[in-house]
Amino acid sequence: MIRSPLMTVMVDAVMRAAKGLRRDFGEVENLQVSSKGPGDFVSTADHKAEAILHDSLLKSRPDFGFVMEEGGVVEGKDTSHRWHIDPLDGTLNFLHGMPHFSVSLGLERDGQIVAGVVYDPIKDELFIAEKGKGAFLNNRRLRVSGRTDLMECMIGTGIPASNKRDVPVYMKELTHVTARTAGVRRLGSAALDLAYVAAGRLDGFWETGLSSWDVAAGVVLVREAGGFITDTTGGEYSIAGKSLLAANASVHSQLVKTIKDARAA
Ligand code: IPD
Ligand code: CA
Ligand code: CA
């Protein structure tokens, strides 16, 4: 597989940031036993990774804008292009020494996400996709799962923090989806959840309370792997939107209906 110049720039930036995170993750394991815990250290690791991504992308594409989880929005001269960056997706896992987190980088062009990279530094899994060019995991072409019977499906989700949204409504959704599927997983990195939908590991995913940097890369991965992305009501997904539902065509409509029924119950 020959990478485009754009994808080369993206992968290069992500790999640089991931190198530091991998090293810092080793340190976090040592800090678990200290009374203060690794909180400040993790926050520094997060900021360092974002600075590496920012600097490296700025060098390669000086005019593009940025939407960064830590650094906020930075407008570029080129108002068509914006990077959406989550330097560390799965912070809570990282903080607890759980080896499941990622670096997520998406590129928006005129409101559409056109390229995405999600990298898991621990498993050394690199998920990449460009609009119209397919989705890949370490150079292997990806395809969403072919399951059509919801009862056989494993579905990913994100559990909202208690202060973030209507937890009782979410609990109804969880109850309904649990009853109608083979199982639900809360893995802790939305970017990887979407990459796993693209790879057919998860048959679907839903979450409310997300930001563009969590999902920009994953959205293009799922679409390029043949999957569907909408908000959780089945309406068109927007980069400014907060909720997301992803799956293959058949599972997608069943999952939208299940969530709708749950909210009405
Ligand atoms: C979080 C993770 C998590 C999702 C949360 C996100 P962070 O991102 O993606 O899986 O459920 O909604 O905020 O804080 O680890 O970058
Ligand atoms: Ca995130
Ligand atoms: Ca983050």
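These lines cover the structure that appears in this document, whether it is placed above or below.

What follows concerns the sheet that holds strand β13 (residues 243–247). Strand order in this open sheet of five strands is β10-β9-β11-β13-β12, and the pairing throughout is mixed. Taken across any chain shown, the strands that pair with only one partner, and hence form the sheet edges, are β10 (183–185) and β12 (228–230). Strand-to-strand twist of the sheet, defined as the mean angle between neighbouring strand axes without regard to direction, takes the value 20 degrees. Across the face of the sheet, helix α5 (residues 190–198) comes into contact with β9 (154–157), β11 (204–208), β12 and β13 while running at roughly 155 degrees to β11.

A separate point is unusual backbone geometry. One non-glycine residue, D110, lies in positive phi territory at about 50 degrees. With relative accessibility at 58%, the residue D110 sits in the exposed group. For D124, which is not a glycine, the phi torsion comes out positive at approximately 50 degrees. Mapped onto the elements, D124 comes out in the loop between β5 (112–120) and β6 (125–130). In this structure D124 comes out as partly exposed when scored by relative accessible area, which is 46%.

Further remarks concern the site of ligand 1. In the region of ligand 1, 14 residues are neighbours, and D89, G90, T91, A190 and E207 sit closest. Measuring from an oxygen atom of ligand 1, one finds a side-chain N or O atom of D86 at 3.2 Å. Relative to its unbound accessible area of 380 Å², ligand 1 is 83% covered by the protein chains. With three residues, the top contributor of residues to the shell around ligand 1 is strand β3 (residues 78–89). For the shell around ligand 1, the residue count by class is three nonpolar, five polar and six charged. Split by domain, the residues of the shell around ligand 1 number at least three in each of domain 1 (5–141) and domain 2 (150–264).

This paragraph deals with the side chain of H252. Along the polypeptide, H252 turns up in helix α7 (residues 249–264). Its relative accessible area of 7% is what places H252 among the buried residues. In this view, H252 contacts F228, I229, T230, L245 and A247; residues no more than four positions away in its chain are not counted.

Next up on the list: the coordination of the calcium ion (ligand 2). Around the calcium ion (ligand 2), the donor atoms from the protein are D86 (OD), D89 (OD) and D214 (OD), and they sit 2.1 to 2.2 Å away. For the calcium ion (ligand 2), all donor residues lie on one chain, and their spacing in sequence is D-x2-D-x124-D. Separating the calcium ion (ligand 2) from the calcium ion (ligand 3) is a gap of 3.7 Å, which D86 spans by donating to each of them. You'll find D86 and D89 in the same group, each marked buried.

Attention now moves to the sheet that holds strand β8 (residues 140–141). Read from one edge to the other, the open sheet built from eight strands follows the order β2-β1-β3-β4-β5-β6-β7-β8, with strand pairing classed as mixed. The open sheet has two edge strands, β2 (72–74) and β8, and neither has a second partner. Sheet topology note: the strand β7 (residues 134–137)/β8 ladder contains two bridges and is antiparallel. If you follow F136 over to β8, its bridge partner there is R141. Sheet strands touched by helix α2 (residues 39–60): β1 (64–68), β3 and β4 (102–109). Its angle to β3, the strand with the most contacts, is close to 150 degrees. Strands in contact with α5 are β3, β4, β5 and β6; relative to β5, the strand with the most contacts, it is inclined by about 100 degrees.

What counts, and at which threshold
Residues numbered from 1 in each chain as written. Chains lettered and ligands numbered in written order. Predicted model: local features only at pLDDT ≥ 70, side-chain atom pairs only at ≥ 80, totals over all residues. Heavy atoms only, no water. Pairing = 2+ DSSP bridges. Helix = DSSP H or I, 4+ residues; strand = E, 2+ residues; numbered from the N terminus. Axes fitted to C-alpha atoms, helices over the stretch in contact; angles between N-to-C directions. Contact = heavy atoms within 4.5 Å. Buried < 20%, exposed > 50% of the residue type's maximum accessible area, 1.4 Å probe, protein only. Near = heavy atom within 4 Å. Polar contact = N/O pair within 3.5 Å; in protein donor to acceptor, adjacent residues only side chain to side chain. Areas by Shrake-Rupley, 256 points an atom, 1.4 Å probe, with all protein chains shown as cover. Nonpolar A, V, L, I, M, F, W, Y, C, P; charged D, E, K, R; others polar. Domains from an automatic or database assignment. Donors = N, O, S within 2.8 Å, 3.2 Å for Na, K, Ca; no water.

Taken by themselves, the reported measurements are silent on function.
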